[in-house]
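What follows is the residue order along each chain.
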Amino acid sequence: MEINHLLIKRFSLLSIVQVVNSVFPIALYLLLIDRLSISTVGVIMSWQMVFSILASISNYNFPTILIPIAEKLKSQRILFVYWNRLLQIRFFVAGIVTFITIICIGFLSEVAALSLMILIGKLFNPSAYFIVLSKNRLLLIYNFCIRLLSFIIVFLFVTKATYQWTNFIIGCSELLISVIVLKQIKWSIGFKFIKVSKLFKFLKRERLPFYIQSVNALIIMITIPLSHLFFGAYIAGVISVVEKMLMLVRGISGNLFFSVLPETWHKNDSRTIVLKSIPVFQKITFAIILGSVAFIFLFKAIIIEKFSAEMPYYLLLAIVSFIPIILSTPFQLLCFKFKRFKTIFYISKVHLFTLVIGVVVFGKLFGVYGIISSIIIHETSCYYLYRRLN
C-alpha cells in the first residue's frame, strides 16, 4: 500500500481519537463560559496550564525517547522497563511539587492549590505509549472515558460557588480512568525502585531529550499563564479561546507525525518516505484552513454572543498559524527519527524565546492581536528553521 494511503488511514483513526479528545474539553470550556465569567475561566485555565507544564516535565524525556525505539516496545520486557522508569520519575516530581504546594498553601488561591490534581491525575497516564505503539482504538476508548467523566461531573457540580474545584475534578477523572484502563490491560500501577546510580545514569544520558520536552511543554502551554501574568485574567480568558483552536491544529500535526512514523521503522529510505508525505500535509492544511474560515463565518453570530464582537477576527488571524504548525511536522519527524536532538533543542530555544518576547512586547503594544501575532511569528520561525536545517 502506498505511503499516502497508509498515512490517510492512520491519520483518519487518530483524528477520530482527537475529535473525542477535543470535543469534550471544548464543550466543557463552553459550559464554563456559560456559567462563569471569562475572567474566571481565564484563572482556571491559567492554573490548569501551569500544572500541565509540570506534568509534562514529570514525563522527563517521554515520549521523545520512545520515538526512535518504537519498534522495540513491542517486546513486553522492554516496554515495562521504560514504563517503570517513567512511573518512578513521575512520582518523584509529583512528590516534590506536592511538598512545595503544601508549604506555599497560605500564599496560593484555592483554584491554584486544587489544580495540583491536574499533575496527580497524570501519574498513570499511558497515552504516550498508546500513540507510539499505534494502539489507536485503546487510546480512543481511554480518552473518551476521561473526557466524558470529567464533563459529567463538572456539569453536575460546578457553579459560581464551586468553580475552584474544576481542575480538581478533571484531575480526579483522569486518575480514576487511568487506573481502571491499566488494570484492564494488565500494566502495573506500582513501580520497582531501580538503583539510584542506574537511574541517574539514565537521567544523565537522556538529559537533552528532557530539555527538549520541557521547552516544548512551555512553548505549547505558557501563552495563557503569560497573558494572565502580564495582562490580567480577562485577556487570559480570551487567549484561552484561541488556544483551544490551536490545540486542535497541534493535535492534527501530532496525528500526521504518528501516521508517518510507522512507515520509517523497517525502511532505510526514511527521509524519502517522509518527504513524499509533504503533499498530503499541504492538502490537509488547505482543507483545515478552508473549513475553519467557513465555520467562523457560519457561526459568527454565536461566537460574538458567547464571547465578544472581536472574537471572530481574533480566530481568523490565528488561522494563519495553521500553515507553519502543520507544515513543519515532516521536518520535525526527520530530526526525531535521526536523533538530531541538538538541532531540535536549538530550534526549541529559539521558538520559546521568540514566543515569550513576542507575547510580552506585542501584547503590550497591540493587546490580543499582538499576542496572536506573536504566536504566528514564533510558529513561522520554527517552520523556517526546521526546513532550513533539514
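Located above this text is the structure these notes cover.
Below, the structure is looked at part by part. (Residues numbered from 1 in each chain as written. Predicted model: local features only at pLDDT ≥ 70, side-chain atom pairs only at ≥ 80, totals over all residues. Heavy atoms only, no water.)

Turning to the overall build of the chain, a few remarks are in order. Along the backbone of the chain there are 20 helices and zero strands. By residue count, 54% of the 390 residues in the chain fall in the buried class. Taking the intrachain contacts of the chain between residues at least 6 apart in sequence as the baseline, contacts between residues at least 24 apart amount to 83%. Total accessible area computed for the chain in this model is approximately 18,100 Å², and 70% of it derives from carbon and sulfur atoms. (Helix = DSSP H or I, 4+ residues; strand = E, 2+ residues; numbered from the N terminus. Buried < 20%, exposed > 50% of the residue type's maximum accessible area, 1.4 Å probe, protein only. Contact = heavy atoms within 4.5 Å. Areas by Shrake-Rupley, 256 points an atom, 1.4 Å probe, with all protein chains shown as cover.)

The subject of this paragraph is the packing of helix 10 (residues 207-221) against helix 19 (residues 341-366). For the pair helix 10 and helix 19, interaxial distance at closest approach is 9 Å and the crossing angle is 25°. Our classification of the angle between helix 10 and helix 19 gives roughly parallel. The way helix 10 lies across helix 19 gives a crossing that is left-handed. Two secondary-structure elements touch here, helix 10 through L208, P209, Y211, I212, V215, N216, L218 and I219 and helix 19 through F341, K342, I344, F345, S348, K349, H351, L352 and L355. Along the lines of polarity and charge, the residues of the contact of helix 10 with helix 19 split into twelve nonpolar, three polar and two charged. (Axes fitted to C-alpha atoms, helices over the stretch in contact; angles between N-to-C directions. Parallel < 35°, antiparallel > 145°, perpendicular 65-115°, else oblique. Left-handed = near helix turned anticlockwise from the far one by under 90°. Nonpolar A, V, L, I, M, F, W, Y, C, P; charged D, E, K, R; others polar.)

Now for the side chain of K244. As for its position among the elements, K244 is in helix 12 (residues 233-260). Despite its burial, K244 pairs with no opposite charge, the nearest such side chain being E243 at 9.1 Å. Apart from residues no more than four positions distant in its own chain, K244 is found in contact with P25, Y29 and M45. (Lys, Arg positive; Asp, Glu negative; His and termini not counted. Salt bridge = Lys/Arg side-chain N within 4 Å of Asp/Glu carboxyl O.)

Another aspect to go through is the pattern of salt bridges. Per the stated rule, a full pass over the model turns up four salt bridges. Among the ionic pairs, E174 bridges to K122, the shortest N-O distance being 3.2 Å. Here E174, found in helix 8 (residues 166-184), pairs with K122, found in the loop between helix 5 (116-121) and helix 6 (127-132); they are 52 residues apart in sequence, far enough to count as distant. K122 gets classed as partly exposed once you look at its relative accessible area, which sits at 27%. One network of salt bridges, in which partners are shared, links E243, R250 and E379.

Y129, F307, M311, L315 and I372 are the most contacted members of the largest nonpolar core, which has 111 residues in total. Not counting residues within four places of it along the chain, the set of residues in contact with F307 comprises Y29, L30, I33, I38 and V241. (Core = buried A, V, L, I, M, F, W, Y, C linked by side-chain atoms within 4.5 Å.)

Taken together, the side chains of F92, I96, F99, I100 and I103 define a hydrophobic patch exposed on the protein surface, amounting to about 530 Å² of accessible area. Structurally, the position occupied by F99 is in helix 3 (residues 76-103). (Patch = residues over 30% accessible without salt bridge, like charges linked within 9 Å, V, L, I, M, F, W, Y side chains within 5 Å.)

A separate point is the packing of helix 2 (residues 38-58) against helix 3. Packed helices, taken two at a time, are described by their axes: the angle between them and the distance between them. One can describe the packing of helix 2 onto helix 3 by two numbers: an axis separation of 8 Å at closest approach and a directional angle of 145°. Across from F51, L54 and S58 in helix 2, the residues of helix 3 making contact are L86, I89, R90, V93, V97 and T101. The class makeup of the residues in the contact of helix 2 with helix 3 is six nonpolar, two polar and one charged.

In the structure shown here, the tally under the stated rule is 16 aromatic pairs. Arranged with centres 6.4 Å apart and planes meeting at 20°, the rings of F362 and F366 form a pair that is stacked. With a gap of four residues between them, F362 and F366 both fall in helix 19, about one helical turn apart. F366 gets classed as exposed once you look at its relative accessible area, which sits at 53%. By the ring-pair criterion, three or more aromatic residues cluster together here, those being F80, W83, Y129, F130, Y142 and W187. Above the face of the F155 ring, R35 is positioned so that its terminal group lies 5.1 Å from the ring centre. (Phe/Tyr/Trp six-rings, centres within 6.5 Å; stacked < 30°, edge-to-face > 60°. Lys NZ or Arg CZ within 6 Å of the ring centre and 35° of its normal.)

Within helix 18 (residues 329-337), eight of the nine residues are buried, leaving the element largely enclosed by the surrounding structure. The complete set of buried residues in helix 18 reads T329, P330, F331, Q332, L333, L334, C335 and F336. Positive backbone phi, at 55°, marks K339, one or two positions downstream of helix 18.

Along its 21 residues, helix 2 runs 30 Å from first to last C-alpha, staying within 8% of the 30 Å computed at 1.5 Å per residue. Counting buried residues along helix 2, 15 of its 21 residues qualify, which places the element largely inside the surrounding structure. Following helix 2 by one or two positions, Y60 has its phi on the positive side, about 55°. (Expected span 1.5 Å × (residues − 1).)

Since its relative accessible area comes to 5%, E174 is described here as buried. A distance of 3.2 Å separates the side chain of E174 from the side chain of K122, its partner in a polar contact. Dropping the residues within four chain positions of it, E174 is found in contact with G121, K122, N125, Y142 and I146. (Polar contact = N/O pair within 3.5 Å; in protein donor to acceptor, adjacent residues only side chain to side chain.)

This part is about the environment of K192. Following the sequence through the fold, K192 ends up in the loop between helix 8 and helix 9 (196-205). Separated by 111 residues in the primary sequence, K192 and V81 place their C-alpha atoms 9.6 Å from one another. K192 has contacts with N84 and Q88, leaving out every residue within four places of it along the chain.

Take the state of the cysteines next. Within this structure, the stated rule accounts for zero disulfides. C382 provides the cysteine sulfur closest to C335, a residue in no disulfide bond, and the two sulfurs are 9.7 Å apart. Taking relative accessible area as the criterion, C335 reaches 0% and is therefore assigned buried. (Disulfide = S-S within 2.5 Å.)

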